[in-house]
Amino acid sequence: MPYAPVNGADLYHEVAGDGEPLVLVHGSWTDHNGWNPVVPALAASYRVVTYDRRGHGRSVGPAGPGARTQDEDDLAGLLEWLDLAPAHVAGNSFGASTALGLAARRPELFRSLVAHEPPLFETVAGDAELEPLMRETQSRIDAVLDRLRAGDDRGGARQFVDEVALGPGMWEKLPDPVRETFVGNAATFLDEQADPHWAGIDLTGLSAFAAPVLLTHGSESPPWFPRIIDKLASVIASARVRTLTGAGHVPHTTHPELYVATVRGFLAESS
């Protein structure tokens, strides 16, 4: 089995295609399979690496409280263990936060960076227009966390899908394997939320990142994501910003052709 021994964990990973390396970093609740809709098209031009972050899917590692910096170090270790650096890196949601956090600390590992809707809420703290909406969403997330702390992983996963992520009734519309992935990764979401620094980033360090950066958000996403993207773009001189029309928080799943065209276009321009 393809496991990378990194930082005390064994990270499951898969490789497809040839060419310059492109590493895809998934968000919370999911695993490497979330990228399946876009891997074949991307692998036609790049050596695509997907992996399960620690606590997700087939990856194994010590249980207990962690920090996002641990995920950042895992990404760095994977790039070095597979001898991929400098690599193109694309991340979604918490995976985008992970990639950006590592970019601020280890810029030499990156050839370019694509980040879709990182939930770096601290960057827009104090925004009077967003605060009421964010408080309401946080109250829903807190309710999910209460269920997870009580050991109700399935109930918490369902509540997160229906009340936070996708909308009422969407849990029942998900394929069984997707629902089971949510349930299996529920405890790690609780662990991620326990990190007091999960929603912040070193903007000063990020401002020194010189490789090409593409920051994207969906036109159908909550209003805080465009604000977060604008804040990040204001400190990264090399950043470009694009709106994915019709898409939301997981465009590689809901709009794979649009996502592939956006990423391939950016990488071609960057090269």
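Structure: above.
Remember, it's a predicted structure, so these values are computed and weren't measured experimentally.

Rules behind the numbers
- Residues numbered from 1 in each chain as written.
- Predicted model: local features only at pLDDT ≥ 70, side-chain atom pairs only at ≥ 80, totals over all residues.
- Heavy atoms only, no water.
- Helix = DSSP H or I, 4+ residues; strand = E, 2+ residues; numbered from the N terminus.
- Rg over C-alpha atoms; globule rule 2.2 N^0.38 Å.
- Buried < 20%, exposed > 50% of the residue type's maximum accessible area, 1.4 Å probe, protein only.
- Contact = heavy atoms within 4.5 Å.
- Areas by Shrake-Rupley, 256 points an atom, 1.4 Å probe, with all protein chains shown as cover.
- Lys, Arg positive; Asp, Glu negative; His and termini not counted.
- Charge placed at Lys NZ, Arg CZ, Asp CG, Glu CD.
- Salt bridge = Lys/Arg side-chain N within 4 Å of Asp/Glu carboxyl O.
- Phe/Tyr/Trp six-rings, centres within 6.5 Å; stacked < 30°, edge-to-face > 60°.
- Lys NZ or Arg CZ within 6 Å of the ring centre and 35° of its normal.
- Pairing = 2+ DSSP bridges.
- Axes fitted to C-alpha atoms, helices over the stretch in contact; angles between N-to-C directions.
- Parallel < 35°, antiparallel > 145°, perpendicular 65-115°, else oblique.
- Nonpolar A, V, L, I, M, F, W, Y, C, P; charged D, E, K, R; others polar.
- Left-handed = near helix turned anticlockwise from the far one by under 90°.
- Polar contact = N/O pair within 3.5 Å; in protein donor to acceptor, adjacent residues only side chain to side chain.

This part is about the overall build of the chain. The secondary structure content of the chain amounts to 12 helices and eight strands. Since a compact globule built from 271 residues should have a radius of gyration of about 18 Å, the 17 Å found for the chain is in line with a globular shape. Counting only C-alpha atoms, the chain reaches 45 × 45 × 35 Å along its principal axes. Counting over 271 residues, the chain shows a buried share of 50%. Sequence-distant contacts in the chain: of pairs separated by 6 or more residues, those separated by 24 or more amount to 76%. Summing over all exposed atoms, the chain offers an accessible surface of approximately 11,400 Å²; the carbon and sulfur share of this is 52%. In the chain, 21 side chains carry a positive charge and 36 a negative one; their mean positions are 2 Å apart.

Turning our attention to the pattern of salt bridges. In total, this model carries 21 salt bridges according to the counting rule given. As a salt-bridge pair, Glu 131 and Arg 135 come within 3.9 Å of each other at their nearest N and O atoms. With Glu 131 and Arg 135 both in helix α4 (residues 131-149) and four residues apart, this pair spans about one turn of that helix. Given a relative accessible area of 53%, Arg 135 falls into the exposed group. Between Arg 140 and Glu 136 there is a salt bridge, and its shortest N-O distance comes to 2.9 Å.

Here we come to the packing of aromatic side chains. Following the criterion strictly, the structure yields 12 aromatic pairs and no others. Look at Phe 110 and Phe 209: their rings are 5.6 Å apart centre to centre, the planes differ by 85 degrees, and that puts the pair in the edge-to-face class. Here the residue Phe 110 occupies a position in strand β6 (residues 110-116), and Phe 209 occupies one in the loop between α9 (203-207) and β7 (213-218), the gap between them amounting to 99 residues. You'll find Phe 110 and Phe 209 in the same group, each marked buried. Aromatic side chains Trp 171 and Phe 182 sit 6.4 Å apart centroid to centroid with 80 degrees between the ring planes, which places their arrangement in the edge-to-face category. Note that Trp 171 is positioned in helix α6 (residues 170-173) and Phe 182 in helix α7 (residues 176-184), a separation of 11 residues in sequence. Each residue in the set Trp 29, Phe 160, Trp 171, Phe 182 and Phe 189 is aromatic and connected to the rest through ring pairs, giving one cluster. Directly above the ring of Tyr 12 sits Arg 58, whose terminal nitrogen or CZ lies 4.5 Å from the centroid.

Attention shifts here to the pairing of strand β4 (residues 47-51). The side chains of a regular strand alternate, first on one face of the sheet and then on the other. With four of its five residues buried, β4 lies for the most part within the structure. Bridging between strand β2 (residues 9-16) and β4 involves four bridges; their strand directions are antiparallel. Note that in β4 the partner of Glu 14 across the bridge is Thr 50. Note that strand β3 (residues 21-25) and β4 share four bridges and pair parallel. By the bridge assignment, Pro 21 is partnered in β4 with Arg 47.

Here we take up the packing of α4 against helix α5 (residues 153-165). Orientation of α4 relative to α5, taken along the N-to-C sense of each, is 170 degrees, at an axis distance of 8 Å. Of the possible angle classes, the one that applies to α4 and α5 is roughly antiparallel. Along the contact surface, α4 presents Arg 140, Ile 141, Ala 143, Val 144, Arg 147 and Leu 148, while α5 presents Asp 153, Gly 155, Gly 156, Gln 159, Phe 160, Glu 163 and Val 164. For the contact of α4 with α5, the class distribution of residues is six nonpolar, three polar and four charged.

Here we take up the packing of α5 against α7. Orientation of α5 relative to α7, taken along the N-to-C sense of each, is 115 degrees, at an axis distance of 8 Å. Put simply, α5 runs roughly perpendicular to α7. As α5 runs across α7, the sense of the crossing is right-handed. Along its contact with α5, which presents Asp 153, Arg 154, Ala 157, Phe 160 and Val 161, the element α7 presents Glu 180, Phe 182 and Val 183. A class-by-class count of the residues in the contact of α5 with α7 yields five nonpolar, no polar and three charged.

Inspection of the secondary structure puts Ser 28 in the loop between β3 and α1 (39-43). Looking at Ser 28, its side chain comes within polar contact range of the side chain of Glu 192, at 2.6 Å. If sequence neighbours within four positions are ignored, Ser 28 has contacts with Arg 53, His 56, Phe 94, Phe 189 and Glu 192.

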